[in-house]
Amino acid sequence: QVQLVESGGGLVQAGGSLRLSCAASGFTFSRYAMGWFRQAPGKEREFVAAISWGGGGTLYKDSVKGRFTISRDNAKNTVYLQMNRLKPEDTAVYYCAAQKTRAYGSIRSYEYDYWGQGTQVTASS
């Protein structure tokens, strides 16, 4: 049974940091690119970051470049999103996702095969 379980969300003041984790099971994690997406109330789900199978390639949404860092540990079947200098506009439910077809990940949500249940991130002003 495939599972992606996010953790690490919470409430933080603007300018603060959070580290999200996503633990994967039920599939060969090292053969999947991984991504983080987010969805704010009343808005569509949007791409945040993606990382390649081996971790050597990354993609970021322009507005998070220099503030967020995606990484993975294939030995632990876990992907991370380090979020620094958080802004109120970063407030959303954050989802991790797994994709098999593109080695370096994708910005398109429909290209992902598996999804987690999400974790809430709130940056207060």
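Residues numbered from 1 in each chain as written. Predicted model: local features only at pLDDT ≥ 70, side-chain atom pairs only at ≥ 80, totals over all residues. Heavy atoms only, no water.

1. Digging into the pattern of salt bridges
Under the defined criterion, the tally for this structure stands at seven salt bridges. Residues K61 and E46 are paired through a salt bridge, measuring 3.4 Å at the closest nitrogen-oxygen approach. With K61 in the loop between β6 (58-60) and β7 (68-73) and E46 in strand β5 (residues 46-51), this residue pair connects regions lying 15 residues apart in the sequence. Between K65 and D62 there is a salt bridge whose closest N-O contact spans 3.1 Å. Look at D62 and you get exposed, because its relative accessible area is 62%. Through salt bridges with shared partners, a single network forms among R38, E46, K61, R67 and D90. (Salt bridge = Lys/Arg side-chain N within 4 Å of Asp/Glu carboxyl O. Helix = DSSP H or I, 4+ residues; strand = E, 2+ residues; numbered from the N terminus. Buried < 20%, exposed > 50% of the residue type's maximum accessible area, 1.4 Å probe, protein only.)

2. A short note on the sheet that holds β7
Here four strands make up an open sheet; going across it, the order is β1-β3-β8-β7 and the pairing antiparallel. In the strand order of this sheet, the two ends are held by β1 (3-7) and β7, each with one partner. On average, adjacent strands in this sheet sit at an angle of 15 degrees to one another, irrespective of strand direction. For β7 and strand β8 (residues 78-83), the ladder comprises six bridges, and the chain directions are antiparallel. Counted as the bridge partner of F68 is M83 from β8. (Pairing = 2+ DSSP bridges. Axes fitted to C-alpha atoms, helices over the stretch in contact; angles between N-to-C directions.)

3. Some words on the state of the cysteines
Tallying each qualifying case throughout the model produces one disulfide. Between C22 and C96 runs a disulfide, and the two sulfur atoms are separated by 1.9 Å. Here the S-S torsion is close to 40 degrees, and the disulfide linking C22 with C96 is therefore right-handed. With C22 in strand β3 (residues 18-25) and C96 in strand β9 (residues 92-99), the pair connects residues that are 74 residues apart, well separated along the chain. You'll find C22 and C96 in the same group, each marked buried. (Disulfide = S-S within 2.5 Å.)

4. Focus: the packing of aromatic side chains
What characterises a pair of aromatic rings is the spacing of the ring centres plus the angle enclosed by the ring planes. Counting across every chain of the model gives eight aromatic pairs. Note on F37 and Y112: the rings are 5.1 Å apart at their centroids and 80 degrees apart in plane angle, and the pair reads as edge-to-face. Of the two residues, F37 is situated in strand β4 (residues 33-39) and Y112 in the loop between β9 and β10 (114-115); the sequence distance between them amounts to 75 residues. Exposure class is identical for F37 and Y112. Each is buried. One aromatic cluster is present, built from ring pairs that chain together F27, F29, Y32 and Y114. (Phe/Tyr/Trp six-rings, centres within 6.5 Å; stacked < 30°, edge-to-face > 60°.)

5. Brief notes about unusual backbone geometry
Positive phi outside glycine occurs at N77, with the angle close to 55 degrees. Inspection of the secondary structure assignment puts N77 in the loop between β7 and β8.

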